Amino acid sequence: MLPRFELSQPQTLPEALKALAGGVGQPLAGGTNLFPDLRGGREKGDTFISLSQVGELRYIEHTDNRVTLGSGATISDILRDPQMKIAAPALVAASDIFAGAMVRNAATIGGNVCCGSPSADSVPPLLTLGADVTLASASGERTLPLDEFYLDYKKTVMKPDELLASISWTPPTPGSAHLFYKLSRRKGDAITITGISVLVEAEGGKCKTVRIALGSVAPTIFRAHEAEGMLAGRVLTSELIEEAAQSAAGQCKPISDNRASAEYRLLTAHSLTRRLLRQAWKQAS
Ligand SMILES: Cc1cc2nc3c(=O)[nH]c(=O)nc-3n(C[C@H](O)[C@H](O)[C@H](O)COP(=O)(O)OP(=O)(O)OC[C@H]3O[C@@H](n4cnc5c(N)ncnc54)[C@H](O)[C@@H]3O)c2cc1C
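Predicted model, so just to flag it, every value in this text is computed and none were measured.

## Points about the pairing of strand S11 (residues 177-183)
- In terms of residue burial, S11 counts as a mostly covered element, since seven of its seven residues are buried.
- Residues Ala-177, Leu-179, Tyr-181 and Leu-183 of S11 are buried on one face, and the alternating residues His-178, Phe-180 and Lys-182, pointing to the opposite face, are buried as well.
- Taken together, the seven bridges between S11 and strand S12 (residues 194-203) define a ladder with antiparallel strand orientation. For Tyr-181, the partnering residue across the bridge sits in S12 and is Ile-196.

Below, the structure is given as structure tokens:
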């Protein structure tokens, strides 16, 4: 059963920020993480500030060279946006196999990013896009790379009076490969065992830009910067890709749980990184 809690329902962003400034109360978006966690006793909060009526947070904007997702955009909104397949192919791939339709209609991108779960499926694709997050509070805004947002398991740099306002990125250049693979027990409605995203941009037969992000294999989702450094500016041979995949796997700190053992997660982090890098290089070059 759901425990009793206080709920405020601001209608505008300034009202929501004012409510948060009080220091008591946690944002509630679609509730698809929060409600199961409250029911299961994993979440202890008793005062929530609903963002569901704050229309300013629910939008998708494409400008000349930038895409911005308001934190209240839902996973279904992403799937319905005709330009998103070009602006963020791997994010669309992740959204396509995200939960079932009912959850996708309520689940927001902001909730997925802010819950801090190592298995949040939108995060590896956003990391490989090099996305920035904009945090807002009653005293102003700050923007930082998503890559600097996570501190530890379910811990982020957000202060209690801040909320995630938006996420933005520059779309991949035409011809780039932006891929996502979710390993899970079923194709739909299953928590990720290992989630990998890769972006490769090629120029003049060499790898110009490469980003690699791994999910569910460490306390936080992370970029494999060392592996990226091994590939950037080079021709991606099988040997080089294998070395980079080994390096990425070396950064993993997986746990064993009821979905998979730590050993399995490590093996699949290695093999899936190798597989996605090969696919991405073939596609981009
Ligand atoms: C049946 C089921 C299937 C699921 N399948 C998947 C799946 O396939 N992949 C996946 O990644 N997840 C999955 N989830 C988890 C969940 O749906 C997602 O993480 C979802 O995106 C959470 O968004 P929400 O809007 O519901 O967040 P909420 O539950 O409302 O909030 C989650 C957390 O984020 C905080 N928060 C929310 N919005 C903001 C904001 N703007 N600023 C600051 N903090 C904020 C809240 O305070 C809370 O701590 C599933 C959940 C269920 C119940």
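## Observations regarding the domain arrangement of the protein
- Split by domain assignment, the protein resolves into domain 1 (6-50), domain 2 (55-169) and domain 3 (193-284).
- Centre-to-centre, using C-alpha coordinates, domain 1 lies 36 Å away from domain 3.

## Structural notes on the site of the ligand
- Within the structure, the ligand sits among 28 residues, and Ala-29, Gly-30, Ala-99, Gly-111 and Asn-112 are positioned closest to it.
- Within the residue set of the shell around the ligand, elements represented by two or more residues are strand S2 (26-28), helix H2 (34-39), helix H6 (101-106), helix H7 (109-114) and strand S10 (163-169).
- A total of four residues in the shell around the ligand trace back to one element, the largest contributor, which is H7.
- In terms of residue class, the shell around the ligand is built from 16 nonpolar, 10 polar and two charged.
- For the shell around the ligand, the domains that each give at least three residues are domain 1 (6-50) and domain 2 (55-169).

## Quick word on the pairing of strand S5 (residues 66-70)
- Pairing geometry for strand S4 (residues 60-63) and S5, over four bridges, is antiparallel. Counted as the bridge partner of Thr-63 is Arg-66 from S5.
- Between the antiparallel neighbours S4 and S5 lie two residues.
- Note that S5 and S10 share four bridges and pair antiparallel. Across the sheet, Leu-69 pairs through a bridge with Ile-167, a residue of S10.

## Details of unusual backbone geometry
- Phi at Ala-99 is positive, roughly 45 degrees, even though this residue is not glycine.
- Judged by the 18 C-beta atoms lying within 10 Å of it, Ala-99 falls in the partly exposed class.
- At Lys-154, a position not held by glycine, the phi torsion is positive, near 55 degrees.
- Its place among the elements puts Lys-154 in the loop between strand S8 (150-152) and strand S9 (155-156).
- Given 14 C-beta atoms within 10 Å, Lys-154 falls into the partly exposed group.

## Observations concerning the sheet that holds strand S13 (residues 206-215)
- The strand order across the open sheet built from four strands is S11-S12-S13-S14, with neighbouring strands paired in antiparallel fashion. Of all strands in the sheet, those bounded by a partner on one side alone are S11 and strand S14 (222-223).
- Sitting on the sheet, helix H11 (residues 262-284) is in contact with S11, S12 and S13, with an inclination near 25 degrees to S12.

## Examining H11
- The end-to-end C-alpha distance of H11 is 32 Å, a good match for the 33 Å that 23 residues give at a rise of 1.5 Å each.
- Inspection of H11 places Arg-265, Thr-268, Ala-269, His-270, Leu-272, Thr-273, Arg-274, Leu-276, Leu-277, Ala-280, Trp-281 and Ala-284 among the buried residues, and these make up the whole buried set.
- Elements that come into contact with the buried residues of H11 comprise S11, S12, S13 and helix H10 (238-250).

## Quick notes on the packing of H10 against H11
- In contact at an axis separation of 8 Å, H10 and H11 are set at 145 degrees when each is read in the N-to-C sense. The handedness of the crossing between H10 and H11 comes out as right-handed. Across from Ile-241, Glu-242, Ala-244, Ala-245, Gln-246, Ala-248 and Ala-249 in H10, the residues of H11 making contact are Leu-266, Ala-269, His-270, Thr-273, Arg-274, Leu-277 and Arg-278.
- In the contact of H10 with H11, the residues fall into eight nonpolar, three polar and three charged.

## As for helix H5 (residues 89-96)
- Those residues of H5 that sit buried are Pro-89, Ala-90, Leu-91, Ala-94 and Ser-95.
- In this structure, the buried residues of H5 make contact with helix H3 (75-80), helix H4 (84-87), helix H8 (123-128), S11 and S12.

## Points about the sheet that holds strand S1 (residues 6-8)
- Sheet architecture is open: three strands sit in the order S1-S3-S2, paired in parallel fashion. The open sheet has two edge strands, S1 and S2, and neither has a second partner. The mean inter-strand angle of the sheet, taken between neighbouring strand axes irrespective of direction, is 35 degrees.
- Pairing between S2 and strand S3 (residues 47-50): three bridges, direction parallel. Residue pairing across strands places Gln-26 opposite Phe-48, the latter belonging to S3.

The rules behind these values
Residues numbered from 1 in each chain as written. Predicted model: local features only at pLDDT ≥ 70, side-chain atom pairs only at ≥ 80, totals over all residues. Buried ≥ 20, exposed ≤ 12 C-beta atoms within 10 Å, placed from the backbone. Helix = DSSP H or I, 4+ residues; strand = E, 2+ residues; numbered from the N terminus. Pairing = 2+ DSSP bridges. Domains from an automatic or database assignment. Near = placed C-beta within 6 Å. Nonpolar A, V, L, I, M, F, W, Y, C, P; charged D, E, K, R; others polar. Contact = placed C-beta atoms within 7 Å. Axes fitted to C-alpha atoms, helices over the stretch in contact; angles between N-to-C directions. Expected span 1.5 Å × (residues − 1). Left-handed = near helix turned anticlockwise from the far one by under 90°.

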